[in-house]
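Analysis of the macromolecular model
Okay, here's what each chain looks like letter by letter:
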Amino acid sequence: MKHQRERSLLGLALLALSASACVGGSLSGDPMGTGAGSTPGAGSGPTADAGTSSGGTSTMAPPLGFNCKPGTVDPGPAPMKVLSRSQYLNTVRDLVGTVPGIETELGVNSNASAFGLVQPDLAQVDLENYRNAAIKAGSAVVGNAAQLAALAPCADNAVKRDCAKAFVQSFASKAYRAPVTDAADIELHLSKLYDVGAKVSHAHGIEILIQGILQAPRFLYRVEIGTGEKVSEAAIKLSGYEMATRLAFSLWDTVPDAKLTGLAASGELSTKAGVVAQLPWMLQDPKGKTAVRRFVENWLHLPDLDRSVKDTTLYPQWNATLRGSMRTQASTFIDDVLANQGGKLNALLTSQTVFVNKDLGGYYGTTGGDAFTQAAGNTAPTSGILTLPAFLSLMSKPAESSPIYRGKFVREMMLCQLLPAPPANIPKPPEVTPGSSTRERLAQHEVSPACSGCHRLMDPIGFGFENYDSLGKYRAQDGNASVDASGELTSTGEIDGKFNGVVELGQKLAQSETVRQCLARQWFRFALARFEQSVDDCSMKGLVDSFETAGADLNTLPQAVVESDAFQYRHPLDYEASK
Amino acid sequence: MNPKQPIDHRTALSRRKLLGGLGALTVAVTSPIWRTATVFGADTKAPAARRFIGLFSANGTIQKDFFQAGNGSGVPISLGRILAPLEAHKAQLMTLKGVHMYSTVQNVLGKDAAVEEKPGGPHMKGPGAMLTGGSLQAGSFTGSGGPAGYADRVSVDQYIAGRIGKTTKFPSLEFGARIEGQEPLRVVSYRGANQPNIAVDDPWQMYQRIFANADLSSTQLAQLMTERKSVLDFLSADITTLKGRIANEDKPRLDAHLASIRSMEQELSNSAVSCTPLTMPAKMDVRAMENFPTVSKLQMDLMLLAHICGLTSVSTLMFANADSWQYYPWIGVNEEHHELSHAGDNDAVANEKLVKINIWHSQQLAYMMDKLKATKEADGTNMLDNSLILWGNELGAGNSHTFKDIPWVIAGGAGGALQMGRHMQYQDQPHNNLLVSVCNAMGFDDVKTFGIPGVCTGPLSGLTA
């Protein structure tokens, strides 16, 4: 089962290479295969099917079509997910208010994959972290009399245990995203949690209740049971509360609020039309306004910026303030594209708009103030997200740029093509001349046949970014030489060809149907926290078609995915077993 | 409690507190503890417990400076430049050449696997295989030449913890120093498929984990224990209910969750003993490049202390993640380790730096061996005599990405099970066999195979005493 879950990741397009593309080293002697099953999990996705038939051609782009039989309703799998770090933190904030220090208690969680697509099973350390965070949350509530009274009101003459019971019903219902009504369940909370704490005091009993509820599997995992209402052999409807939860986590990154829960209770979310009708107000809500921006930020891996390491001898300015400014600059730009530039993918990739403050003014030949303002007279070539210092710093080495990381990002995250792994036994690399530029050093990849097969898919794209150093600042020189930012796109389908510098690269990418489709795929993964598969072809087709129809306006993505079968329904619980 | 009970001055561990029952056992250990400490709480009549410590360092080695020359096997060990800092311990040291991580490229039949069956780049495959004798699952991690997921089976430290870790506060502890970057570069310890034990690389967090609540009174601690136990009961009950309602394919996740809850219960029921080192230095940025040696030192101290205090018998320590881009400015290496490791064999300058890096790592092992040796067991032996330290790497050499000739070191007395002080030269043996030998040396003679069955052919020959 677990293995299948891993295998199911491969709705992704893997770049199939010719036998000569990645030669040398691998034990099999035929490193990436000649098209015979070179895609892991072949057959599990549309792209994989196409990949296996491409033997002999040098490379391939993912196919753009979807195999959707009209009338088919298959929502695809919906594996149980543990709350992401941000979902956890937002939820706790919505449940109990601000908890100082809770992020530290959670430890340095692994941010396994960009959208939480791969989740390892929870280890003891994880549970200890959750426990410590829950303790922090409990003590924050109990340490604040007003907060305690608001969450767990109890009149002076009331029976304390009755107050605790009312607290379980209100608090746990919100935490578990479903009404807690079962008498035995409530009693379990009281006997195992409240009663042991109440030996010390009533407030301490409430504290232990909070601790326990915030560690409960029902809280930590997103559990869906569904209803008995079948839509097709493969699909059942979700309960109103489950739908509210999907909406809230997808659009808000947190639990449903009172209004949404009320709508679930009154049955408003039992039809597709009813669900879609909630989008306008949910996206207008402060939590929803940032949904698309959050997606773009995660897509670019920007939340990892604080973990990015730089050589502070070369870059003494690399500190939390600068990183914070880079993040704010990025979010300001993305918001501007979404609000003022039609939300267009084209603008996201090519816009000349730049926001600066005093930390970043130097990047653009200006000074900048305390607050971010739009930079006038920007002298550095600019191309939307592709030249954001936050993004370029992430896609760099500690002391130098990285054409590999940058090219790899374009290949994998913007074109949705997966690169083959480097071979196990590579021949000795050629010697490197000291003092050479990054580009010169990487040029060995082109000379060595063992390297070139894979690196020619990354480096020539990444070279286009060479005008930007390890901190994403424009430069005309690298080492002793002028920067050569000429690059080439290959194996992309319609945008293949040479280009010079990132501005031209941005224009090419913005014209690409492959990139538009990739973005829609990424949104699907973000919104549903799973990879698309062949059974999702109808959902994907609907999503891609509406994105195209809207002229690649990112603001239309939320509704497009909410309308899909993948979002509206789930498999019956016994579906996998029945196959 | 009788205040006149004797105090063991060698360790400043209070026997009074040991006998005082649950909650009363907050024990101060003088720091530095290493001046001939005695293993805490050990029974003088029983033979000392065997211990396993797994060590990882990254990016391969420089073979000619690591392994001794000549083809002799079972010959007295002779230390080259890299291992020279271990000279004082060479009687309790063994190097093994010709032991390859075939499990990264072979299938259950012991045949070369198709590439798509072995996902991940070489730097990713190595840490996943090093202690598991397995390989990576398919997945979406692409940081280092993916795509791949986590490893597909249990690692040897966790196997051992499953057999000897039931009575200690922690079945095992996973330490790291600056383990960064993409998964699965950051993991060598696995409870099972897709069950990584991601190491804690913040010594202050580890300190909290190991020595939490040391400042509470016995009454407070007893109440805390009761509450924690009751919360865990609640969580177990919740899992049981939930498991009855969800789809079958989701149930393994809850089983894994429940197993982790059981470990926490074990931690509670064995927490009567806690040692507290007196001081931790002021908190520093554990992710800062230049703090690597300080963080490493603290993690080594905490790890050894956890063993000495009887809080665990199994641990691993990762010195940086696989594919490490750590700099070593304190020894004059101001370049990325990984970048350096790609230098050609004739690049004398780069190779000299790589040798320096590896020498530094040998010094760390020497430090740990010094401390373990200074720790007396109740039965008169020292803790090093009873420990088996396995030091491995994700690659044999960085510039060829080879999985062959991993620079394996076995250190410690291994309870007398292995004939130490020798260099072993094998003809293309799978490292699975080494993992079998490790299990056997730890006292589990029933282990005949480890990791991918077809790859493993039984224990390595000629190792045992």
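Everything in this summary refers to the structure shown in the same document. (Residues numbered from 1 in each chain as written. Chains lettered and ligands numbered in written order. Predicted model: local features only at pLDDT ≥ 70, side-chain atom pairs only at ≥ 80, totals over all residues. Heavy atoms only, no water.)

All names here are of chain B. Extensive coverage of strand E12 (residues 387-393) is indicated by the burial of 7 of its 7 residues. Every second residue of E12 is oriented toward a common face, with Ser387, Ile389, Trp391 and Asn393 on one face and Leu388, Leu390 and Gly392 on the other, all of them buried. In this sheet, E12 lies alongside strand E4 (residues 51-57) in parallel orientation, the contact comprising 7 bridges. Following the sheet pairing, Phe56 is matched in E12 by Gly392. As defined by bridge partners, E12 adjoins strand E13 (residues 408-411) across 3 bridges and the pair is classed as antiparallel. Across the sheet, the residue bridging to Leu390 is Ile410, located in E13. (Buried < 20%, exposed > 50% of the residue type's maximum accessible area, 1.4 Å probe, protein only. Helix = DSSP H or I, 4+ residues; strand = E, 2+ residues; numbered from the N terminus. Pairing = 2+ DSSP bridges.)

A few words now on the sheet that holds strand E13 (residues 569-570) of chain A. All names here are of chain A. Pairing is antiparallel across the open sheet formed by 3 strands, whose spatial order is E4-E5-E13. At either margin of the open sheet sits one strand with a lone partner, and together these are strand E4 (230-232) and E13. In this sheet, E13 lies alongside strand E5 (residues 235-237) in antiparallel orientation, the contact comprising 2 bridges. When the sheet's bridge partners are listed, Lys237 is paired in E13 with Tyr569.

Applying the stated rule across the entire model yields 24 aromatic pairs over all chains. Judged by centre distance (5.7 Å) and plane angle (75°), the rings of A:Tyr468 and A:Tyr474 are edge-to-face. Accessibility expressed as a relative area gives 3% for A:Tyr468, which makes it buried. The interplanar angle of 85° and the centroid separation of 5.8 Å between the aromatic rings of B:Tyr159 and B:Phe450 together place this pair among those described as edge-to-face. Here B:Tyr159 is found in helix H4 (residues 156-164), whereas its partner B:Phe450 is found in the segment after helix H11 (431-441), with 291 residues between them in sequence. An aromatic cluster of at least three residues, connected via ring pairs, comprises A:Phe295, A:Trp299, A:Phe391, A:Phe409, A:Trp523 and A:Phe526. Lying across the ring of A:Trp281, A:Lys259 places its NZ or CZ 3.8 Å from the centre. When the ring centre of A:Trp252 is taken as origin, the NZ or CZ atom of A:Lys287, which lies over that ring, is 4.3 Å away. (Phe/Tyr/Trp six-rings, centres within 6.5 Å; stacked < 30°, edge-to-face > 60°. Lys NZ or Arg CZ within 6 Å of the ring centre and 35° of its normal.)

Moving on, we get to empty space enclosed by the protein. Any space left empty among the atoms is revealed by the rolling of a water-sized probe across them. All names here are of chain A. What the rule picks out here adds up to 9 cavities of 30 Å³ or more. Its volume calculated, the largest cavity comes out at about 250 Å³. Lining of the largest cavity is provided by 22 residues; of these, Ala78, Pro79, Glu224, Arg246 and Leu528 occupy positions nearest its centre. (1 Å grid on protein atoms, 1.4 Å probe; cavity = no way out; pocket = protein on both sides within 12 Å on 5 of 7 lines; lining within 4 Å. Points joined across faces, edges and corners; volume = space filled by probe spheres on them.)

So, on to the pattern of salt bridges. In the structure shown here, the tally under the stated rule is 46 salt bridges over all chains. With its nearest N and O atoms 3.1 Å apart, the salt bridge here joins B:Glu339 to A:Lys397. Of this pair, B:Glu339 sits in helix H9 (residues 337-341) while A:Lys397 sits in the loop between helix H19 (389-394) and helix H20 (403-414), placing the two residues on different chains. Take B:Glu339: its relative accessible area is 34%, and that puts it in the partly exposed class. (Salt bridge = Lys/Arg side-chain N within 4 Å of Asp/Glu carboxyl O.)

Every buried residue of H4(B) is listed here: B:Val156, B:Asp157, B:Gln158, B:Ile160 and B:Ala161. On the buried face of H4(B), the contacting elements are E4, strand E7 (173-177), strand E8 (190-192), strand E11 (314-319) and H11 of chain B. (Contact = heavy atoms within 4.5 Å.)

This part covers the side chain of B:Thr95. Residue and element names in this part refer to chain B. Looking at the secondary structure, you find Thr95 in strand E6 (residues 93-100). Side chain to side chain, Thr95 and His423 meet in a polar contact 2.8 Å long. Not counting the four nearest positions on each side in its chain, Thr95 is found in contact with Phe66, Gln68, Ile77, Leu83, Trp408, Val409, Arg422, His423 and Met424. (Polar contact = N/O pair within 3.5 Å; in protein donor to acceptor, adjacent residues only side chain to side chain.)

To continue, consider the nonpolar core. Soluble globular proteins tend to bury their nonpolar side chains together. Counting residues in each nonpolar core, the largest one holds 91 residues, and the members touching the most others are A:Leu247, A:Trp299 and A:Leu554. Considering each element in turn, this core owes the most residues, 8 residues, to helix H25 (residues 513-528) of chain A. With near-sequence residues (within four places) excluded, A:Leu554 lies in contact with A:Val292, A:Val296, A:Leu338, A:Gly343, A:Lys344, A:Leu345, A:Leu348, A:Leu519 and A:Phe547. Residues A:Tyr176, A:Val196, B:Leu232 and B:Leu268 belong to the second largest nonpolar core, which totals 61 residues. (Core = buried A, V, L, I, M, F, W, Y, C linked by side-chain atoms within 4.5 Å.)

Right, let's talk about the state of the cysteines for a bit. Cysteine pairs can be covalently joined through their sulfur atoms, and such a bond is termed a disulfide. Counted under the stated rule, the structure contains 3 disulfides over all chains. What pairs with A:Cys154 in a disulfide is A:Cys163, and their sulfur atoms sit 2.0 Å apart. The sign of the 75° torsion about the S-S bond sets the A:Cys154-A:Cys163 disulfide as right-handed. Assessed through its relative accessible area of 9%, A:Cys163 is described here as buried. We note that B:Cys439 lacks a disulfide partner, and the nearest cysteine sulfur, in B:Cys456, lies 9.5 Å from it. Take B:Cys456: its relative accessible area is 9%, and that puts it in the buried class. (Disulfide = S-S within 2.5 Å.)

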